[in-house]
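Observations on the model geometry
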There are 2 protein chains.
Amino acid sequence: MIKLKEVAELASVSTATVSRVLSNTGKVTKKTRQKVLAAMEELNYQPNFLGRQLRRMETKTILVVVPDIANTFFSKVLRGIESVAIKNGYQVLMGDSQNNGQSESQYLNHLRYKQVDGVILLTARTDPRLIEDLSDDYPVVLACEYLEGSRIPTVSIDNISSARKITDHLIKLGHRRIAHISGPMNIILGRDRLKGYEQAMTQNSCEIDQVLVQEGDFSYESGYKSMEKYLALQNPPTAVFAANDEMAIGAIKAIKKHHLSVPNDIAIAGFDDIDMASILEPELTTVAQPTFEIGSTAMELLLCLMKKEQLTKKQYVLEDQLMVRHSCGANKM
Amino acid sequence: MIKLKEVAELASVSTATVSRVLSNTGKVTKKTRQKVLAAMEELNYQPNFLGRQLRRMETKTILVVVPDIANTFFSKVLRGIESVAIKNGYQVLMGDSQNNGQSESQYLNHLRYKQVDGVILLTARTDPRLIEDLSDDYPVVLACEYLEGSRIPTVSIDNISSARKITDHLIKLGHRRIAHISGPMNIILGRDRLKGYEQAMTQNSCEIDQVLVQEGDFSYESGYKSMEKYLALQNPPTAVFAANDEMAIGAIKAIKKHHLSVPNDIAIAGFDDIDMASILEPELTTVAQPTFEIGSTAMELLLCLMKKEQLTKKQYVLEDQLMVRHSCGANKM
DNA sequence: AGTTCTATTGTAATCGATTACATTTTGAAT
DNA sequence: ATTCAAAATGTAATCGATTACAATAGAACT
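Since this is a predicted model, take the numbers as computed values, not measurements.

Before going further, it helps to spend a moment on the protein's contact with DNA strand C. The environment of DNA strand C is formed by 27 residues, the closest being Leu 4, Ser 19, Tyr 45, Arg 52 and Arg 55 of chain B. The sugar-phosphate portion of DNA strand C accounts for 68% of its atoms within 4 Å of the protein, the bases making up the rest. Note that a base oxygen of DNA strand C is positioned 2.8 Å from one of the side-chain N or O atoms of Arg 55 of chain A. Looking at the surface near DNA strand C, its residues break down into 10 nonpolar, 10 polar and 7 charged.

So this is what it looks like as C-alpha cells:
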C-alpha cells in the first residue's frame with residue numbers, strides 16, 4: 001500500500017507538503033501542488049484516514065442510533081440529518097438498536113472509543129443516567145425521544161399535545177368509548193402519548209376504562225394482539241388510538257380479520273405518518289411529524305456541540321400536523 | 001482524556017503489559033492483571049481504538065451498503081449479516097445509498113481509506129468495473145445483486161427461475177394476458193426478473209405484448225404509475241407480475257383507486273416478501289427469499305476474504321420460496 | 001548588492017495503542 | 001545453591017498522517 005512518504009519521495013518534497021496538499025491546509029505554490037498531485041496520481045495513492053484521525057483526534061463521522069431501520073418514519077429523519085451532515089463534511093453512519101436498550105448502549109461506546117465524533121439518538125431505551133453521563137463528555141443529541149428534566153439537547157414534537165389533538169378528533173366525530181394502544185410504559189414517548197389521550201378523554205368527560213388501555217411495544221404484532229383483546233370484549237370500543245402507525249395497522253388487520261369495517265364499525269387513528277399510512281386502505285388518520293426538519297435541526301445542534309459552541313437553546317419543540325384521512329370516518333372515501 | 005500510558009504508570013507496569021491486558025493477548029499473571037484492571041477502573045480509562053486500528057491496520061468493522069434502508073427485505077438480510085459478524089467480533093455499519101450509484105461508490109471509498117475492513121453490497125448500481133477493481137484489492141461480497149461474469153463472491157437466489165416460477169403460477173391460474181412491471185433495466189436484477197417472465201410466457205405460448213412491460217424503479221410510486229398505464233389500455237392485462245413487492249403494492253393501490261378488485265378483476269404478484277406483503281389486503285402472492293441466510297452466508301464469505309482464506313466456492317445460489325397468498329386468486333380469502 | 005519581511009517548504013515530534021525483541025523473573029530440576 | 005528453560009514483563013520502534021516550529025527561498029524595497 002502506497003503511503004504519504006512515498007508520494008513525498010516521488011515528488012521530491014517533504015511529507016509536510018504532501019499532507020498540506022492532501023488536506024488543503026496551509027500554503028503550497030501551484031507548481032508544487034501540481035507536482036504532488038501528479039505523484040499521487042502516478043502511484044494511485046489512497047490516504048489512510050486512520051493516521052489523520054488519530055493525529056487530529058476526530059473522525060468527521062457521526063453515528064445515528066435508530067430503534068428500527070425498517071420504519072420509514074426514522075429513515076426520513078435520517079435524510080434530514082444527512083443533508084446537514086454532508087454539507088458540513090461529516091459522514092453519517094447508522095446503527096440499528098432493534099428497540100433494544102443493550103444494543104443501544106453498545107453503539108454509544110463508539111463515542112468513548114473515538115470511533116465517531118458525535119451521536120444522534122432516535123431512541124432512548126437504555127439507562128437515562130448512562131446517556132446523561134455520556135453527554136457530559138461527548139456530543140450527544142436526542143431526537144424524537146427525550147428524557148425528563150435532562151440537559152441533553154433535544155429535538156422533538158410535543159407528544160402530549162399531539163396525542164390530545166388526535167384523541168380530540170375522535171371525540172369530535174362522536175366517539176366516547178375510545179381505546180388506546182399505548183407504546184411501552186418504560187419509554188417517555190409511550191407515557192406521553194398515553195397522557196395526551198387521558199387528557200383529551202378527561203377534558204371531554206369521557207370515562208377512561210382501564211380495560212381500554214393496552215400496552216403495546218410499537219410493533220405491528222402488538223397492535224394486532226391488543227386489538228384482538230378489545231374485540232373480545234362484551235362492549236368493544238368504537239374507536240382506537242394507537243401510539244404509532246405500525247400498531248394501528250396491526251389493529252386494522254385484526255378488525256378486518258373479524259369481518260368488521262374501518263371506519264364504519266371501528267375508527268382507528270395512528271401516529272407518525274409512515275409511508276404505509278397513506279397506502280393502506282383505509283388510509284390512516286394520523287399525526288405527521290416534521291421528520292426532515294427534526295433530523296436537520298438535530299444535526300445542526302450536534303454540529304454546535306462538536307464545535308464546542310455555546311447553545312442558545314437546548315430544547316426544540318417542532319410543530320406536528322394532524323393528517324385526517326379515512327380511517328376515522330371524517331372524510332368520505 | 002486518560003491514556004494507556006497513565007494506566008501503566010498508576011499500575012507501575014509497562015505500557016506493553018497494559019496493552020496485553022486490554023486486548024487479551026499474550027501472557028499476564030493474574031496478579032498484574034488485577035493491578036492493571038484496578039488502575040483502569042480507578043482512572044475510568046477508555047481506550048482510543050484509533051491507536052489500535054492504526055497499528056493493527058484493521059478496524060474490525062464492516063460496512064453494508066443498502067439501496068433502501070426502509071425496505072424490510074434488506075433489514076432482514078442485515079439481521080443475518082449481523083448475527084455472524086457479532087459472533088466473530090466485527091461491528092456492522094450501514095450506509096444507505098438511496099438507490100443512487102454515486103452515493104454507493106462514495107461508501108465504497110471507506111474501504112480505500114481504511115475505515116472498514118470489508119464491504120457487503122446489497123446493491124450494485126455504480127460502475128461494475130469500479131466494483132471489480134475494488135474487489136481486487138479489498139474484501140467485497142455481493143448479496144442479492146450480482147454482476148455478470150464477475151469473480152466477486154456473490155450470494156443470491158436465481159432470479160430468472162424465481163420470476164419464471166411466479167409467472168408460471170399466474171399462467172396456471174388461467175391468465176394469458178399478463179403484464180410485468182419490471183425493475184430498472186440498467187440493473188441485472190431487473191433484467192433477470194424480466195427474463196424469467198419472458199421465459200415463462202414463451203414456454204406457455206403466451207404472447208408478450210411489449211405494451212405490457214413497463215419499466216419501474218422498484219418504488220411504490222413507479223408501481224402505481226405503471227398500473228395506471230395498464231388500466232388505461234383498451235385491453236388491460238388480467239394479471240400483473242411486479243418485480244418487487246413495493247411496486248406490487250403500488251399497483252394494487254392503483255387498481256383499488258379504479259374501484260376494481262384484486263384478485264377478482266386483476267391478479268397481482270410481487271417479489272421479495274416484505275412484511276407488508278402479508279399485512280396488506282389482499283395478502284400478496286410473492287417470492288420469499290431466504291433473507292437471513294443470504295445475509296449470514298454473505299458475512300461468512302466476507303470473513304473468509306478478510307482472513308485471506310481461499311474460497312472453495314464463490315457463487316452461492318440459495319433457494320427461494322413461492323408464497324401463495326390471496327392476490328392472485330389461488331387461495332380463497 | 002544588501003536588507004527585511006513574507007511566503008513556502010522542511011524537520012521532527014506527535015496522536016495512542018501494539019508488538020518484535022530484549023530482559024528479567026519464576027519455578028522446577030539437579 | 002545452582003542451572004536452565006519457560007513465563008512474564010519491559011523497551012522502544014511502529015502504524016500513517018498532521019503540524020509546531022525551524023529553515024530557507026523569494027519578493028520588495030532602499
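Moving on from the coordinates now.
Once that is clear, we can look at the interface of chain B and chain A. Accessible area lost upon the coming together of the parts is a frequently used measure of interface size. Facing the 43 residues of chain B at the interface are 43 residues of chain A. Between chain B and chain A, the buried area comes to about 4,100 Å², and carbon and sulfur atoms account for 60% of it. Its largest share of buried area at the contact with chain A, chain B owes to Leu 50, Met 94 and Tyr 113 of chain B, together 15% of the area lost on that side. Run the count over chain B and chain A and you get 6 salt bridges. Close ionic contact of Lys 253 of chain A with Glu 283 of chain B constitutes a salt bridge, the shortest N to O distance being 2.8 Å. Applying the counting rule to chain B against chain A returns 20 residue pairs in polar contact (both at pLDDT 80 or more). Counting only elements with at least two residues in the side of chain B that touches chain A, the list comes to helix 4 (49–56), helix 5 (72–87), strand 2 (91–96), helix 6 (101–112) and helix 11 (245–257) of chain B. In terms of residues, the side of chain B that touches chain A owes the most to one element, strand 2 of chain B, which gives 6 residues.

Turning our eyes to something else, we now look at the pattern of salt bridges. Under the counting rule described, the total for this entry stands at 26 salt bridges over all chains. Residue Arg 129 of chain B pairs with Asp 127 of chain B through a salt bridge whose shortest N-O separation is 3.2 Å. Looking at Arg 129 of chain B, the relative accessible area reads 60%, which means it is exposed. Connected through shared salt-bridge partners, Glu 132, Asp 136 and Arg 151 of chain A make up one network.

Grouped together as the largest cluster of nonpolar side chains are 117 residues, with contacts concentrated most on Ile 268 and Met 299 of chain A together with Ile 120, Ile 268 and Met 299 of chain B. Membership of the second largest hydrophobic core comes to 34 residues, among which are Leu 121 of chain A together with Tyr 107, Ala 124 and Tyr 138 of chain B.

All names here are of chain A. Secondary-structure assignment places Ser 162 in helix 8 (residues 159–172). Here Asp 320 takes part through its side chain, which lies 3.0 Å from a polar atom of the side chain of Ser 162. Apart from the residues within four sequence positions on either side, Ser 162 is in contact with Ile 157, Phe 271, Val 287 and Asp 320.

Here we come to the protein's contact with DNA strand D. As a structural note, the neighbourhood of DNA strand D is formed by 27 residues, with Leu 4, Ser 19, Tyr 45, Arg 52 and Arg 55 of chain A the closest of them. The sugar-phosphate backbone supplies 67% of the atoms of DNA strand D found within 4 Å of the protein. Within the side chain of Arg 20 of chain B, a nitrogen or oxygen atom sits 2.8 Å from a base nitrogen of DNA strand D. Residue composition of the surface near DNA strand D, by class: 10 nonpolar, 10 polar and 7 charged.

Now for the pairing of strand 5 (residues 154–157) of chain A. Residues and elements named next belong to chain A. Burial along strand 5 is two-sided: Thr 154 and Ser 156 and Val 155 and Ile 157, pointing in opposite directions, are all buried. In terms of strand pairing, strand 4 (residues 140–143) meets strand 5 through 2 bridges, oriented parallel. The residue bridging Leu 142 from the neighbouring strand is Thr 154, located in strand 5. Across 4 bridges, the pairing between strand 5 and strand 11 (residues 315–318) is parallel. Its bridge partner being in strand 11, Ser 156 is matched across the sheet by Val 317.

With that settled, consider the domain arrangement of chain A. Here chain A is partitioned into domain 1 (4–47), domain 2 (58–157 + 290–319) and domain 3 (159–289). Here the C-alpha centroids of domain 1 of chain A and domain 2 of chain A sit 37 Å apart.

We now examine the sheet that holds strand 7 (residues 213–215) of chain B. All names here are of chain B. A sheet is described by the order of its strands in space; here 4 strands give the open sequence 7-6-8-9, paired in parallel fashion. Each having just a single partner strand, strand 7 and strand 9 (267–269) make up the two edges of the open sheet. In this sheet, adjacent strand axes meet at a mean angle of 15° when their direction is disregarded. Against the sheet, helix 8 (residues 159–172) contacts strand 6 (178–182), strand 8 (239–242) and strand 9, and its axis sits at roughly 170° relative to strand 8. The strands touched by helix 11 within the sheet are strand 6, strand 8 and strand 9, with strand 9 carrying the most contacts at an inclination of about 160°.

The rules we used
Residues numbered from 1 in each chain as written. Chains lettered and ligands numbered in written order. Predicted model: local features only at pLDDT ≥ 70, side-chain atom pairs only at ≥ 80, totals over all residues. Heavy atoms only, no water. Near = heavy atom within 4 Å. Polar contact = N/O pair within 3.5 Å; in protein donor to acceptor, adjacent residues only side chain to side chain. Nonpolar A, V, L, I, M, F, W, Y, C, P; charged D, E, K, R; others polar. Contact = heavy atoms within 4.5 Å. Buried area = accessible area lost by both parts, 1.4 Å probe. Salt bridge = Lys/Arg side-chain N within 4 Å of Asp/Glu carboxyl O. Helix = DSSP H or I, 4+ residues; strand = E, 2+ residues; numbered from the N terminus. Buried < 20%, exposed > 50% of the residue type's maximum accessible area, 1.4 Å probe, protein only. Core = buried A, V, L, I, M, F, W, Y, C linked by side-chain atoms within 4.5 Å. Pairing = 2+ DSSP bridges. Domains from an automatic or database assignment. Axes fitted to C-alpha atoms, helices over the stretch in contact; angles between N-to-C directions.

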